[in-house]
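Each chain is listed here by its residues.
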Amino acid sequence: MKVDKIKKRDRERTKGKILKAVGEVIEQHGTEKVGVNLIARTAGVNKVLIYRYFNSVDGLMEEYVKSGEYTSTYEAEYFESIPNLLPEERGKALTSLMHTFMNDLRDRKSTRDLLRWEIGTGKSMLSDARNQVAKKILEKIGDLPNYNDTSALIAFLSAGVYFLAISADYREKMLDVDLHSDEGWKRIEHIIERIIMDVKS
């Protein structure tokens, strides 16, 4: 019994090292270098373990998207921390979700690189994994009482955040919003909150 617990703990630790290595490889070498050999070398593990735990590079990438290495809002702990919410509490929860997601994208170059790669190649595997997690989160938070289609609202806001975060790697401003300053991003946060909370002014 104790041996099984140790094996499970070691397996989870190794999987965590491999998932962390995916982000390091993307950050240092770009998405085109993502492969079993480099990830295994970066993680300090035998490449056989990648196939054992994830079946393939595609399986590994899908698991990476579902992990907190991609963005903290996709971690299991984040999902489990969402309480049962009253309708009037949902706007605040969704605003917090969007702000955390936006700040994660700003801080994680590897996630932005992965999004660029996904858009450029048209691979839907990662967006499928992302959509599964996002749907679970939205179902747990619940629909906003002041909108008929909360999913469409969050899809629209998420797409805007993706675009702005990726754009910040190439340009300083979008209109007069400074994408290289906290002040500029605070303006975006404020607008997200106003839209979700359906503030009129």
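Everything numeric here is computed off the predicted structure, so don't read it as measured data.

Description of the pattern of salt bridges
Now for step 1: Within the structure shown, the criterion is met by 9 salt bridges.
Now for step 2: Salt-bridge contacts for R13 lead to D10; the nearest nitrogen and oxygen are separated by 3.2 Å. With R13 and D10 both in helix α1 (residues 2-29) and 3 residues apart, the pair spans about one turn of that helix.
Now for step 3: Owing to a relative accessible area of 35%, D10 belongs among the partly exposed residues under this scheme.
Now for step 4: K109 serves as the salt-bridge partner of D113, at 2.7 Å between the closest nitrogen and oxygen. Of this pair, D113 and K109 are both found in helix α7 (residues 109-121), 4 residues apart, which corresponds to roughly one turn of the helix.
Now for step 5: Its relative accessible area of 11% is what places D113 among the buried residues.
Now for step 6: Residue K109 is classed as partly exposed on the basis of its relative accessible area, which comes to 33%.
Now for step 7: Among the ionic contacts, a cluster of salt bridges with common partners joins K109, R112, D113, R116 and D169.

Thoughts on the confidence of the model for the protein
Note: predicted coordinates in regions of low pLDDT should not be interpreted at a detailed level.
Now for step 1: For the protein, per-residue confidence averages 85 on the pLDDT scale, and residues scoring 70 or more make up 91% of the total.
Now for step 2: Per-element mean pLDDT across the protein ranges from 78 in α1 up to 97 in strand β2 (residues 177-178).

Considerations on the domain arrangement of the protein
Now for step 1: Assigned domains of the protein: these are domain 1 (1-66) and domain 2 (73-198).
Now for step 2: Between the C-alpha centres of domain 1 and domain 2 there is a distance of 26 Å.
Now for step 3: Roughly 1,100 Å² of surface becomes buried between domain 1 and domain 2 when both sides are summed, with 67% attributable to carbon and sulfur atoms.
Now for step 4: Remark: the boundary between domain 1 and domain 2 carries 2 residue pairs in polar contact (both at pLDDT 80 or more).
Now for step 5: No other element matches the 6 residues that helix α4 (residues 57-66) contributes to the side of domain 1 that touches domain 2.
Now for step 6: Of the residues belonging to the side of domain 1 that touches domain 2, the class tally is 4 nonpolar, 2 polar and 4 charged.

Some words on the packing of aromatic side chains
Now for step 1: On inspection of all chains with the given rule, the structure shows 1 aromatic pair.
Now for step 2: With a centroid separation of 5.4 Å and 75 degrees between ring planes, the pair formed by F101 and Y162 is classed as edge-to-face. Linking F101 in helix α6 (residues 90-107) with Y162 in helix α9 (residues 150-167), this pair joins segments that are 61 residues apart in sequence.
Now for step 3: We classify Y162 as buried; its relative accessible area is 18%.

Basis of the calculations
- Residues numbered from 1 in each chain as written.
- Predicted model: local features only at pLDDT ≥ 70, side-chain atom pairs only at ≥ 80, totals over all residues.
- Heavy atoms only, no water.
- Salt bridge = Lys/Arg side-chain N within 4 Å of Asp/Glu carboxyl O.
- Helix = DSSP H or I, 4+ residues; strand = E, 2+ residues; numbered from the N terminus.
- Buried < 20%, exposed > 50% of the residue type's maximum accessible area, 1.4 Å probe, protein only.
- pLDDT = per-residue confidence, 0-100.
- Domains from an automatic or database assignment.
- Buried area = accessible area lost by both parts, 1.4 Å probe.
- Polar contact = N/O pair within 3.5 Å; in protein donor to acceptor, adjacent residues only side chain to side chain.
- Nonpolar A, V, L, I, M, F, W, Y, C, P; charged D, E, K, R; others polar.
- Phe/Tyr/Trp six-rings, centres within 6.5 Å; stacked < 30°, edge-to-face > 60°.

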